Protein chains: 2
Amino acid sequence: MADLDFIRKLVIPAESKIVFLVMDGIGGLPVDEGGPTELEAAHTPNLDALAAKSICGFTIPITPGITPGSGPGHLGMFGYDPCRYVIGRGVLEALGIDFDLQPQDIASRGNFCSVDEEGRVTDRRAGRIPTEKNTELVQLLREKVHLSGIELFIETVKEYRFVLVMRGKGLAADLTESDPQQLGVPPLPIRPLENAPDPAASQKTADLVNDFIGQAREALEDQRPANMILLRGLDKRPAIPSMREVFGLRAAAIAVYPMYRGLAKLVGMTALPSGTTLADEFDALEKFWPDYDFFYLHYKYTDSRGEDGDFEAKVAVIEEFDTYVPRALDLNPDVVIVTGDHSTPALLRAHSWHPVPTMLYSRYCRCDEAREYSERACARGALGNFAAVDLMPLALANALRLAKFGA
Amino acid sequence: MADLDFIRKLVIPAESKIVFLVMDGIGGLPVDEGGPTELEAAHTPNLDALAAKSICGFTIPITPGITPGSGPGHLGMFGYDPCRYVIGRGVLEALGIDFDLQPQDIASRGNFCSVDEEGRVTDRRAGRIPTEKNTELVQLLREKVHLSGIELFIETVKEYRFVLVMRGKGLAADLTESDPQQLGVPPLPIRPLENAPDPAASQKTADLVNDFIGQAREALEDQRPANMILLRGLDKRPAIPSMREVFGLRAAAIAVYPMYRGLAKLVGMTALPSGTTLADEFDALEKFWPDYDFFYLHYKYTDSRGEDGDFEAKVAVIEEFDTYVPRALDLNPDVVIVTGDHSTPALLRAHSWHPVPTMLYSRYCRCDEAREYSERACARGALGNFAAVDLMPLALANALRLAKFGA
């Protein structure tokens, strides 16, 4: 892995265009010993034709054996060391509802929960109250809870989940969580972490959060089962240099789900209006083609069907994606990369550690013997297994956007 | 490579079981251009059947081109960075005689040697005196040499080799060696290393060691050719977090030779009674199967026959090992890894830098096209070449013992 300062110094201007076609959770597993993976079972003539003139291999999202969440999976794919730039749960939750998080904001994941008369947690999810009830309770909190000098944003996510964002001067994260992660005990007071770099600011923030929690308890007193809140993952968004700054790219994101647009915005991409369907996404790619150097196009349903454990449905959505690939190629991009942020085998019904089938096409890619886009073919590919964080330098090189290092 | 703190935070409990079948020095070379390696020449139907449903590749024990000793070879395989956790020669020698080294002990490799009347070394191995003579001389040293406040252990290893262990308060390693590694000069006085972290303790220890050497010289005065000693590799055992602590595994070692049991104990494994034969070792695996999550089963003779330069004999011991493999598989382990700590090609009669043929079987391994356990087949494997230290995270992932990193 080259570090970002190293890359930044080598970046040179160019007119070339790079497209990342990202099928979330694309990597899979055979259900039966010796059988095909989802990608191998899918009929994908367009992806296979591209593989035949590409160089293929596998990205390792983090390090061998490590299963990434969506945050680290995407940061690595975008060229940022996912172990260095860590995205807190609260930040990810805020991104997921398209909240426009500012650099100094403290974001927290919130649960409505149930407590008994002694204040001990009896249900960490308040019986999974419906989203409509959540909206009512959020409205109640907005009316009743106030912190002097702090702007509060309380936003419904879904069912028992909400986001709290605190905006004000001198706030710091590096805080413990109030969620005790078990029943029969009261919520924990928020405290600064022992290694907090600015203990005074973290203490001040902890005091404010504890005040918030105290007021929330009073406001919710008569609202059983949702008569209390739990907070966790309190964090600021990480300070990440933009793709413009380090890679010299005007970068755009095309993604239907807010969280992926949010992750892209964290690294300085412009989130384009992307509609709700694959057709909408490829429409956006065509429409904004002249305006950016780099496009990240995200397809969610490969991951969703993998998490459902539905092998056949994952095959079907891969096949659907395949039919759109020619629309990207018809734009004559200089570099096309097809990959995912991680694997989501239907067999596991979850993200997994498996390396991600990846192909890179450019006029200069040094095509290998892989003739289709699949796990078995990628295992014969000349890219081998490599860290996902190295994908972006490879893309820049193939786009002739990196100068020689040294004389 | 993920660091141990990173892994430790992701470890989750599980009931799954992991077996490492380790053929020491398994990797080989063809004797004739285009010919088979030892592993390719061997008839190994059981290992080949396992390869056909496994994912295969090569571990790189340290970094490319580096030949490991047994210490670093094993530490890497066990998931510990062998460049960070360094095992001194004295410690390895003590482990090799099953000495129960305590964390504060200073262990040293000793040679009986010959010196002339001016005290200059004339033979660093004292004419390779027989082990019986060594035992006599060790007895003499035990009687005649004493250091105030220090418990001394002087133990015969073999021929001219012995181990010295000093036990007492406030001892430190970080010392030079007395062996001048050349003839015609006197042994060197022991001194603290320039960068010793605790110079006072190292100076105190050096004074004690020099006192020991002086008393030994007097005791051995009339014992030509073994009339002096040389000490090297003075060290404490490295402070290594246990496999229980970092990987959440109750780990057991099955190994006939003391040194390998000792290496396993360094990382917190329980060394099981392992007998003297392969049959004994697999008996132990079956007997203790319910009691541990992780088993390391070590087979020495692949390395021994490689060091002998005896290609055919190495083939024969590989074939013998193969016949036992079904006994491990019949226990239905969740993860089976077959590997070695390094290569020992008969052609080189020594450990070598060559990557080690490795296969990993689990239900989730994502089987590749390698259909036998051999160097040529592993070169087609989807694991590719990877650092040995990454093997343990892969094993944990396949055993479903690692949580997702990040949200």
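Report follows, based on the coordinates.

The rules we used
Residues numbered from 1 in each chain as written. Chains lettered and ligands numbered in written order. Predicted model: local features only at pLDDT ≥ 70, side-chain atom pairs only at ≥ 80, totals over all residues. Heavy atoms only, no water. Helix = DSSP H or I, 4+ residues; strand = E, 2+ residues; numbered from the N terminus. Rg over C-alpha atoms; globule rule 2.2 N^0.38 Å. Buried < 20%, exposed > 50% of the residue type's maximum accessible area, 1.4 Å probe, protein only. Areas by Shrake-Rupley, 256 points an atom, 1.4 Å probe, with all protein chains shown as cover. Pairing = 2+ DSSP bridges. Contact = heavy atoms within 4.5 Å. Axes fitted to C-alpha atoms, helices over the stretch in contact; angles between N-to-C directions. Polar contact = N/O pair within 3.5 Å; in protein donor to acceptor, adjacent residues only side chain to side chain. Least-squares fit on C-alpha atoms with pLDDT ≥ 70 in both. Buried area = accessible area lost by both parts, 1.4 Å probe. Salt bridge = Lys/Arg side-chain N within 4 Å of Asp/Glu carboxyl O. Nonpolar A, V, L, I, M, F, W, Y, C, P; charged D, E, K, R; others polar. Parallel < 35°, antiparallel > 145°, perpendicular 65-115°, else oblique. Left-handed = near helix turned anticlockwise from the far one by under 90°.

### Topic: the overall build of chain A
Counting its secondary structure elements, chain A contains 14 helices and 13 strands. Whereas a compact globule of 407 residues would reach a radius of gyration of roughly 22 Å, chain A reaches 23 Å, a difference of no more than 12%. Projected onto its principal axes, the C-alpha coordinates of chain A cover approximately 70 × 50 × 40 Å. Buried residues in chain A amount to 57% of all 407 residues. With the model as given, the accessible surface of chain A reaches about 16300 Å², and the carbon-plus-sulfur share is 48%.

### A closer look at unusual backbone geometry
Note on backbone geometry: most residues besides glycine have negative phi, and most peptide bonds are trans. Residue and element names in this part refer to chain A. Note the cis peptide between Arg224 and Pro225, where omega equals 5 degrees. Topologically, Pro225 is positioned in the loop between helix H7 (199-220) and strand E7 (228-235). Although it is not a glycine, Asn332 sits at a positive phi angle of roughly 55 degrees. Within the fold, Asn332 resides in the loop between helix H12 (311-329) and strand E11 (335-339).

### Structural notes on the pairing of strand E7 (residues 228-235) of chain B
Residue and element names in this part refer to chain B. A large share of E7 lies buried, amounting to seven of its eight residues. When strand E3 (residues 106-115) meets E7, the two strands line up antiparallel, connected through six bridges. When the bridges of E7 are listed, Phe112 appears paired with Ile229.

### Focus on the pairing of strand E10 (residues 294-299) of chain B
All names here are of chain B. The element E10 is extensively covered by neighbouring structure, given that six of its six residues are classed as buried. Residues Phe294, Tyr296 and His298 point to one face of E10 and Phe295, Leu297 and Tyr299 to the other, with burial holding for every one of them. As paired strands, strand E1 (residues 18-23) and E10 are joined by six bridges and run parallel to one another. Residue pairing across strands places Val19 opposite Phe295, the latter belonging to E10. As judged from the four bridges shared by strand E8 (residues 251-254) and E10, these two strands associate in the parallel manner. Paired with Ala252 across the two strands is Phe295, which belongs to E10.

### Overview of the sheet that holds E10(B)
Residues and elements named next belong to chain B. On the basis of which strands lie adjacent, the open sheet formed by eight strands has the order E9-E8-E10-E1-E11-E12-E2-E13 and mixed pairing. Either end of the sheet is taken by a strand with one partner, and the two such strands are strand E9 (270-271) and strand E13 (384-387). Sheet analysis places strand E2 (residues 55-60) next to E13, joined by four bridges and oriented parallel. Along E13, the bridge assignment pairs Gly57 with Gly384. Set on the sheet, helix H10 (residues 278-288) makes contact with E1, E8 and E10; between it and E10 the angle comes to about 175 degrees. Strands E1, E10 and strand E11 (335-339) of the sheet are contacted by helix H12 (residues 311-329), whose axis makes an angle of about 160 degrees with E10.

### Section: the environment of His74(B)
Residue and element names in this part refer to chain B. In this structure, His74 sits in helix H4 (residues 70-77). The class of His74 is buried, set by a relative accessible area of 0%. For the pair His74 and Ala264, spaced 190 residues apart in sequence, the C-alpha separation works out to 8.3 Å. Look past the residues within four positions of His74 in its chain and what remains in contact with it is Asp24, Tyr260, Leu263, Tyr296, His298 and Asp341. Among the polar contacts made by the side chain of His74, one reaches the side chain of Asp341 at a distance of 3.2 Å.

### As for the sheet that holds strand E13 (residues 384-387) of chain A
Across a sheet, strands are paired by hydrogen bonds formed along the backbone, either parallel or antiparallel in direction. Residue and element names in this part refer to chain A. Pairing within the open sheet is mixed, and its eight strands lie in the order E9-E8-E10-E1-E11-E12-E2-E13. Here the strands that pair on one side only, and so sit at the sheet edges, are strand E9 (270-271) and E13. Each of strand E1 (18-23), strand E10 (294-299) and E11 touches helix H4 (residues 70-77); the most contacted strand, E10, lies at about 150 degrees to it.

### Some words on the relation of the copies chain A and chain B
What relates the pair of chain copies is a rotation about an axis plus a shift along that axis. When chain A is fitted to chain B, the best match, at an RMSD of 0.2 Å, comes from turning it 124 degrees and sliding it 0.1 Å along the axis. Viewed as a symmetry operation, the transformation between the two copies matches a three-fold axis.

### A closer look at the interface of chain A and chain B
Residue-level contacts link 33 residues of chain A with 25 residues of chain B. Counting each side, the surface lost to burial between chain A and chain B is near 2300 Å², with a carbon and sulfur contribution of 62%. Broken down residue by residue, the surface that chain A buries against chain B is led by Pro64(A), Ile66(A) and Trp353(A), which jointly contribute 23%. Here Glu369(B) and Arg380(A) are joined by a salt bridge, their closest N and O atoms 3.0 Å apart. For the pair chain A and chain B, the interface holds 11 residue pairs in polar contact (both at pLDDT 80 or more). Counting only elements with at least two residues in the side of chain A that touches chain B, the list comes to H4, helix H5 (89-96) and helix H13 (375-378) of chain A. Of the residues forming the side of chain A that touches chain B, the biggest block, three residues, is contributed by H4(A). Grouping the constituent residues of the side of chain A that touches chain B by class yields 16 nonpolar, 12 polar and five charged.

### Re the packing of helix H6 (residues 131-144) of chain B against helix H7 (residues 199-220) of chain B
Residues and elements named next belong to chain B. Where H6 contacts H7, the axes come no closer than 10 Å and their chain directions differ by 120 degrees. Taken together, H6 and H7 sit at an angle that is classed as oblique. Regarding H6 and H7, the two cross each other, and that crossing is right-handed. In contact with Leu137, Leu140, Leu141 and Lys144 of H6, H7 contributes Gln215, Ala216, Ala219 and Leu220. For the contact of H6 with H7, the class distribution of residues is six nonpolar, one polar and one charged.

### Observations regarding the pattern of salt bridges
Residues and elements named next belong to chain A. Per the counting criterion, the structure on display carries 48 salt bridges over all chains. Between Arg327 and Glu286 there is a salt bridge whose closest N-O contact spans 2.9 Å. Taken together, the positions of Arg327 in helix H12 and Glu286 in helix H10 (residues 278-288) put the pair 41 residues apart, joining distant regions of the chain. We classify Arg327 as partly exposed; its relative accessible area is 22%.

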